[in-house]
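Single-letter residue listing:
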Amino acid sequence: MIKTISTTPYTDQKMGTGGLRKKTKVMMQPNYFENFIQTIFNTIGGVKGKTYVVGGDGRYFNDIAIQKFIKMAAANGVAKLIIGQNGYMSTPAGSNVLLKNKTNGAFIFSASHNPGGIDNDFGVKYSDETGGQVPTSITDAIYKNSQSISEYQILDVPDVDISKIGTQQLEGMTIEVIDPIKDYVEMLEGIFDFEALKKLFKSGFTMKFDAMNAVTGPYGKRIFEEILGAAPGSVINATPKPDFGGLHPDPNMVYAKELIGIMYGDNAPDFGCANDGDGDRNMILGKKFFVSPSDSLSILTDNYKLIPAYKNGIYGVAKSAATSTAVCRTAKALGMDCYEVPTGWKYFVNLMDSKRITFCGEESFGTGSSHIREKDGIWAILFWLSIIAATGKSVEEITKEHWKKYGRSYYIRFDFEGIDKAVADKLMADLETKLPSLNGKKFGEYEVSEAAPFIYNDPVDGSSTKNGLVVKFADGSRIVYRLSGTGTSGATLRVYMEKFEQNHLDEEPLNMLKDIAKIAAEIAEIRPRTGKQQPDVIT
Ligand code: G1P
Ligand code: ZN
């Protein structure tokens, strides 16, 4: 029954910031997906006798990919697969199942917050036994081996029924189909005070959770409506769809349009929140009020004592270099270490495993803690609800009091999308060459205090990573430039900007950062090089 199929390599199977992401049609090319999976199997020394968690965010091609994966795993001697019912599993739930069952790894089929459907994107996230996505040394090895793959193994059998919970055998491999929500809920119940949250909703507290027609709809229904008692209908866009109903499942002010309409409308509920395609990102809103992800991380850190699982103390915190410095000010005040890492969740994993950090986050709407090794959208929401339940304050009050206490990092990100890759690479290379000459230079009232590439030396494994270019100013303002590692067409230049204020706390970020934005465009020659007058997306 095991067939060995001859194949020829594809040359573009390089994993980026969030696994391998490609246009769905690219993934659907003959043997493309199979080549990639077999290459991973080969690179990690085979999978004979190993156990893996498998699931996905339900996007187009998820069902077909999972069947291919099951047949390849059995043919390669995998001992057991733990699969989410109907192939669904959010990224954080997958990390939890992996850690709980001490499996050898997990495969989550998702392009995260990228749109789904035959004309959009598909992806593969591969995690090892740490529960987190594998380090660059492994992704580099996978890429190298993908260039020379010549065959793969697959079973020649009909599709496996994964619609019913239970255990079955396939040619010597055990397949356990699980409820993808149950373990996840249990894990969260061990962190937060669910009774306090039930009381909050009993008291008439209202919320809307936008699942964006993606994987967390059923998680949200179960947790917020069924268990905690939020009113029916609190979860919107709750049914996962293969094309996310045409939504771009990225929880931000631009793409979570329906939720924004509700939260900025007349009868806004007390609390608004959203997750991305695979459930690891989150957005937090109050009535007519947006919490920037960088502030959110800082606020959660400042309130760790309110949460049962953290009340006896936490290790340090970490943020990506592109994230605002807010959390580091809070950490300093609390006497904790604050680490700065390259963009991508995998850099937090070593810090968690070595007990250096408990909380971490990225400006790109990712927040999490060491309860798993991925960011966790619903965890962040429950944390915010817990702060509200404990303090009786609104999202806006909590945030503004935080600014009063520590000052405010005004923060904004510009994305210049669809740039020719050669143009983008040259822009970054030339900018890097130019950085030393910027030191001490004055742009109006802003004086450059340091301009250098961001280099991270991992304190645990000793690896060194360069990610992005940083220009710091004497007043604490910063500009970070980097190219996206998750796009599937052309290049995206991201420009992250921050300005620290202790007194003017209630201004518009865009307005506060307009001079910095001008300087950022000037330094990198964005207009002349890309032809773009304006960013395509502002978050
Ligand atoms: C983006 C985000 C980054 C995040 C990644 C995966 O990567 O910027 O923070 O870790 O998605 O969710 P980028 O496209 O910038 O490489
Ligand atoms: Zn995601």
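Thresholds, definitions, all that
- Residues numbered from 1 in each chain as written.
- Chains lettered and ligands numbered in written order.
- Predicted model: local features only at pLDDT ≥ 70, side-chain atom pairs only at ≥ 80, totals over all residues.
- Heavy atoms only, no water.
- Axes fitted to C-alpha atoms, helices over the stretch in contact; angles between N-to-C directions.
- Helix = DSSP H or I, 4+ residues; strand = E, 2+ residues; numbered from the N terminus.
- Parallel < 35°, antiparallel > 145°, perpendicular 65-115°, else oblique.
- Left-handed = near helix turned anticlockwise from the far one by under 90°.
- Contact = heavy atoms within 4.5 Å.
- Pairing = 2+ DSSP bridges.
- Phe/Tyr/Trp six-rings, centres within 6.5 Å; stacked < 30°, edge-to-face > 60°.
- Buried < 20%, exposed > 50% of the residue type's maximum accessible area, 1.4 Å probe, protein only.
- Donors = N, O, S within 2.8 Å, 3.2 Å for Na, K, Ca; no water.

Undergrad: What is the right way to look at the packing of helix H2 (residues 32-43) against helix H3 (residues 62-75) in this model?
TA: For any two helices packed against each other, the geometry is given by the interaxial angle and the distance between the axes. At a closest axis distance of 11 Å, the pairing of H2 and H3 adopts a crossing angle of 40°. Judged by the inter-axis angle, H2 sits oblique to H3. Regarding H2 and H3, the two cross each other, and that crossing is right-handed. Residue-level inspection shows Phe33, Glu34, Ile37, Gln38 and Phe41 of H2 in contact with H3, the latter providing Ala65, Lys68, Phe69, Met72 and Ala73.

Undergrad: I keep staring at the sheet that holds strand E22 (residues 464-473) and nothing clicks. Help me out?
TA: One open sheet accounts for seven strands, arranged E20-E21-E22-E23-E24-E19-E25; its pairing is antiparallel. Edge positions in the sheet fall to strand E20 (442-443) and strand E25 (537-538), since each has one partner strand and no second. As judged from the two bridges shared by strand E19 (residues 408-419) and E25, these two strands associate in the antiparallel manner. Paired with Asp415 across the two strands is Val537, which belongs to E25.

Undergrad: Just checking my understanding: could you explain the packing of aromatic side chains for this structure?
TA: Aromatic rings considered in pairs are described by the distance between their centres and by the relative angle of their planes. Per the stated rule, a full pass over the model turns up 28 aromatic pairs. Ring centres of Phe289 and Trp403 lie 6.2 Å apart, and the angle between their planes is 50°; this geometry places the pair in the tilted category. Separated by 114 residues along the polypeptide, Phe289 in strand E14 (residues 289-291) and Trp403 in helix H14 (residues 395-406) bring together distant segments of the chain. For Phe289, a relative accessible area of 9% translates into the label buried. A relative accessible area of 4% places Trp403 in the buried class. Where Tyr310 meets Phe383, the ring centres are 6.1 Å apart and the plane angle is 15°; that geometry is what we call stacked. Highlighted residues: Tyr310 in the loop between helix H10 (293-302) and strand E15 (316-320) and Phe383 in helix H13 (residues 377-391), separated in sequence by 73 residues.

Undergrad: Explain the sheet that holds strand E4 (residues 80-88) here, please?
TA: One key point about sheets: their strands pair by backbone hydrogen bonds, in either a parallel or an antiparallel sense. Spatial ordering of the open sheet is given by E2-E6-E5-E3-E4-E9-E8, a layout of seven strands whose pairing is mixed. Across the chains shown, the open sheet's two edge strands, defined by having one partner strand only, are strand E2 (20-23) and strand E8 (166-170). On average, each strand axis in the sheet is tilted by 20° relative to the strand beside it, whichever way the strands run. Of the strands in this sheet, strand E3 (51-56), E4, strand E5 (105-109), strand E6 (121-128) and strand E9 (173-178) touch helix H4 (residues 91-101), which is tilted by about 165° from E5.

Undergrad: I'm lost on the coordination of the zinc ion (ligand 2) in this one. Help?
TA: For a metal with four donors in a tetrahedral arrangement, the ideal angle between donors is 109.5 degrees, while six donors in an octahedron ideally sit at 90 or 180 degrees. For the zinc ion (ligand 2), the full set of protein donor atoms is Ser112 (OG), Asp276 (OD), Asp278 (OD) and Asp280 (OD), and the range of their distances to it is 2.0 to 2.1 Å. Expressed as a motif, the donor residue spacing for the zinc ion (ligand 2) is S-x163-D-x1-D-x1-D. With a gap of 168 residues between them, Ser112 in the loop between E5 and E6 and Asp280 in the loop between strand E12 (271-275) and strand E13 (282-286) connect regions that are remote in the sequence. For the pair Ser112 and Asp280, a shared accessibility class is recorded, and that class is buried.

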